[in-house]
Amino acid sequence: MNFNEILTKKVNGKKLNYEEIDYVITNFTKGIISEDEMSKFIMEIYKKELSFKETLYLTNSMIKSGELLDFSGINKVIVDKHSTGGVGDKVTLIISPIVAASGLGVAKMSGRSLGLTGGTIDKLESITGYDVNLDKEKFITQVNNIGIAVISQTNKIAIADKKIYALRDKIGAVDSIPLIASSIMSKKIASGADIIIIDLKVGKGAFMKDTKSAKKLAKTMIKIGKIWNKKVVIILTDMNAPLGKSIGNALEIKETIDFLNGTYRDKRLKTLSIEISAYMISKGKNIALKKAKNLAKNILETNKAYETFKNWIQSQGGNLEELKDKAKTIEVYSDKSGYISEIDANEIAQICNELGSGRTGKRIDIDYGVGIVLNKTLYDEIKKDELLATIYYNNKINKHLEEKLKNSIKIIGIKPKEKNIIISVIS
Ligand code: URA
């Protein structure tokens, strides 16, 4: 067996077996197959797709490229949640304490973002003192005692995925169903949870631009999960507008605190957070979805989620009184009266990145304090000269950002019909 034979077989439209796919993945991970060679292989998959069996073989080989986490020291049912990435997405920070307060375990490894805005770990690192690297014993003890631990993804699970993902990004082969399915499922299966809820974003700010392809991706991931004996639920959600009113690392921690203590709860963010919590609780406790939803709402309303959140952050060394939120502000006012019908998630993310909240380009260090806080969100009424949003910045700000922000928010004369953030649920 050699690489060229395998590539030729794929180019000729033949199906690959496990040994052939594993040969490519293993040797690319070891550095024996070069990036140029692997790019050709990835592009073939991107153009021709893979059969389900080939997608499963790819996933299995990627799982095998790293460690499988072992949660046998945890005395709770572990439930996991994954998001394919949204703008202003602070859902993990909200649902983890809700689910933990129901008695389940959230033992999570999250990522730093490489993209326009920060990932969950970047957001947690905007809390002074928060330790993203607990050792195994402390991690397990914290999940047993409090119900949650969230640490930074180690480089040891699904090692092939990291290398392949970076290459896909470079050659423009990200939005492919077999490649996304194997990437997500290899990480999730290796991360050890038996119950996995996936928030699959659809829309302008997402990899999946339309519902039809998102459903196809969802069905592939569920089928892979079944073979690995995992309960997988996929919630297709709208990602045309940011989630909540704050976008930026420390700003999103503030919104999370306000959400959990009841000061301010954005409607779309609440609908999504309750839905995801309900599925995690329903599957984890084996109870009806309606009962699980009521339990999630009750945990939120009675402040149990807020108390659990504070215990979790404190246990990992974080001081919620000391956020890394240093920034100056500029207020942006509306040019006209009407209703907000669209907020372009992609544009907002680009502005936040220009302010310093993401890692695109050459930037390595992100600025935790910068970002945008919307004063009005989707479907809200706004008057001319009313505050539209506040920009949080540290470095000199370019005047065009204010215009860009205004242009990313569409205001129309009549009240738009509200779309449900939940598109459909597949399990
Ligand atoms: N998220 C992942 O982890 N992998 C992908 O390929 C796309 C989204």
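Residues numbered from 1 in each chain as written. Predicted model: local features only at pLDDT ≥ 70, side-chain atom pairs only at ≥ 80, totals over all residues. Heavy atoms only, no water.

Observations regarding the overall build of the protein
Working step 1: When helices and strands are counted, the protein shows 16 helices and 13 strands.
Working step 2: Against the globule reference of 22 Å for 427 residues, the protein gives a C-alpha radius of gyration of 22 Å, in line with a compact fold.
Working step 3: Expressed along its principal axes, the backbone C-alpha trace of the protein runs to roughly 70 × 50 × 40 Å.
Working step 4: The buried share of the protein, reckoned over its 427 residues, is 56%.
Working step 5: Working note: accessible area of the protein is about 18,300 Å², and carbon and sulfur atoms make up 49% of it.
Working step 6: Considering the protein, the positive charge centre built from 68 side chains and the negative charge centre built from 51 side chains are found 5 Å apart. (Helix = DSSP H or I, 4+ residues; strand = E, 2+ residues; numbered from the N terminus. Rg over C-alpha atoms; globule rule 2.2 N^0.38 Å. Buried < 20%, exposed > 50% of the residue type's maximum accessible area, 1.4 Å probe, protein only. Areas by Shrake-Rupley, 256 points an atom, 1.4 Å probe, with all protein chains shown as cover. Lys, Arg positive; Asp, Glu negative; His and termini not counted. Charge placed at Lys NZ, Arg CZ, Asp CG, Glu CD.)

A few points about the sheet that holds strand 11 (residues 387-393)
Working step 1: Strand order across the open sheet formed by 4 strands is 6-9-11-7, with antiparallel pairing between neighbours. On the outer flanks of this sheet lie strand 6 (246-247) and strand 7 (328-333), each paired with one strand and no other.
Working step 2: Sheet strands touched by helix 16 (residues 400-407): strand 7, strand 9 (371-374) and strand 11. Its angle to strand 7, the strand with the most contacts, is close to 45 degrees. (Pairing = 2+ DSSP bridges. Contact = heavy atoms within 4.5 Å. Axes fitted to C-alpha atoms, helices over the stretch in contact; angles between N-to-C directions.)

Comments concerning the domain arrangement of the protein
By convention, interface size is frequently given as the accessible area that disappears when the constituent parts associate.
Working step 1: Each assigned domain of the protein is listed here: domain 1 (3-48), domain 2 (79-155 + 190-315) and domain 3 (328-412).
Working step 2: For domain 1 versus domain 2, the separation of C-alpha centres amounts to 34 Å. (Domains from an automatic or database assignment.)

Things to note about the site of the ligand
Working step 1: Lining the immediate environment of the ligand, one finds Tyr165, Arg168, Ile180, Ser183, Ile184, Lys187 and Phe207.
Working step 2: Arg168 has a polar side-chain atom sitting 2.9 Å from an oxygen atom of the ligand.
Working step 3: A distance of 2.6 Å separates an oxygen atom of the ligand from a polar side-chain atom of Lys187.
Working step 4: Considered on its own, the ligand offers 230 Å² of accessible surface; in the complex 92% of this is hidden by protein.
Working step 5: Among the elements that line the shell around the ligand, the one with the most residues is helix 9 (residues 177-190), at 4 residues.
Working step 6: The residue inventory of the shell around the ligand, partitioned by class, reads 4 nonpolar, 1 polar and 2 charged. (Near = heavy atom within 4 Å. Polar contact = N/O pair within 3.5 Å; in protein donor to acceptor, adjacent residues only side chain to side chain. Nonpolar A, V, L, I, M, F, W, Y, C, P; charged D, E, K, R; others polar.)

Digging into the pairing of strand 5 (residues 231-238)
As a general feature of sheets, a regular strand has side chains that alternate between the two faces.
Working step 1: Across the 8 residues that make up strand 5, a large majority, 7, are buried.
Working step 2: Relative to strand 5, strand 4 (residues 195-202) runs parallel, the two being bridged by 8 bridges. Counted as the bridge partner of Val202 is Asp238 from strand 5.
Working step 3: Pairing of strand 5 with strand 13 (residues 422-426) involves 4 bridges; the strand directions are antiparallel. Counted as the bridge partner of Ile234 is Ile426 from strand 13.

Focus on the nonpolar core
Working step 1: Membership of the largest hydrophobic core comes to 74 residues, with the highest contact counts inside it found for Leu124, Trp312, Ile372 and Leu405.
Working step 2: Two domains each donate at least three residues to this core, and these are domain 2 (79-155 + 190-315) and domain 3 (328-412).
Working step 3: In this structure Leu124 touches Leu93, Tyr130, Val150, Ile253, Trp312 and Ile313, once residues within four positions along its chain are discounted.
Working step 4: Core analysis: the second largest hydrophobic core is formed by 23 residues, Ile63, Ile180, Ile196 and Ile234 among them. (Core = buried A, V, L, I, M, F, W, Y, C linked by side-chain atoms within 4.5 Å.)

Overview of the sheet that holds strand 8 (residues 338-343)
Working step 1: Sheet architecture is open: 3 strands sit in the order 10-8-12, paired in antiparallel fashion. Each end of this open sheet is capped by a strand with a single partner; those strands are strand 10 (381-382) and strand 12 (409-412).
Working step 2: Where strand 8 meets strand 10, 2 bridges bridge the pair, whose relative direction is antiparallel. In the sheet register, Gly338 faces strand 10, and the bridge partner there is Ile382.

A short note on the pattern of salt bridges
Working step 1: The tally for this structure, following the rule as stated, stands at 31 salt bridges.
Working step 2: The salt bridge involving Arg268 is made with Asp238; its shortest N-O contact spans 3.7 Å. Taken together, the positions of Arg268 in helix 12 (residues 267-285) and Asp238 in strand 5 put the pair 30 residues apart, joining distant regions of the chain. Each member of the pair Arg268 and Asp238 is classed as buried.
Working step 3: The closest approach of N and O atoms between Asp238 and Lys419, which form a salt bridge, is 3.9 Å. Placement of Asp238 in strand 5 and of Lys419 in the loop between strand 12 and strand 13 is noted, with a sequence separation of 181 residues between them.
Working step 4: Assessed through its relative accessible area of 11%, Asp238 is described here as buried.
Working step 5: The class of Lys419 is exposed, set by a relative accessible area of 55%. (Salt bridge = Lys/Arg side-chain N within 4 Å of Asp/Glu carboxyl O.)

Considering helix 8 (residues 159-171)
Working step 1: Taking 1.5 Å per residue, 13 residues should reach 18 Å; helix 8 reaches 19 Å between its end C-alpha atoms and fits that length.
Working step 2: The elements touched by buried residues of helix 8 are helix 2 (18-29), helix 3 (35-48), helix 4 (52-64) and helix 9.
Working step 3: Trailing helix 8 by a residue or two, Gly172 shows a phi angle of about 70 degrees, which is positive. (Expected span 1.5 Å × (residues − 1).)

Some details on the pairing of strand 4
Working step 1: The element strand 4 is largely enclosed, with a buried count of 8 among its 8 residues.
Working step 2: By the alternation rule, side chains of strand 4 split into Ile195, Ile197, Asp199 and Lys201 and Ile196, Ile198, Leu200 and Val202, which are all buried.
Working step 3: Bridging between strand 1 (residues 79-83) and strand 4 involves 5 bridges; their strand directions are parallel. Each bridged residue has a counterpart across the sheet, and for Asp80 the counterpart in strand 4 is Ile196.

Side note on helix 5 (residues 91-101)
Working step 1: Buried residues dominate helix 5, accounting for 10 of its 11 residues.
Working step 2: Where helix 5 ends, the next residue or the one after it, Gly103, has phi of about 105 degrees, a positive value.

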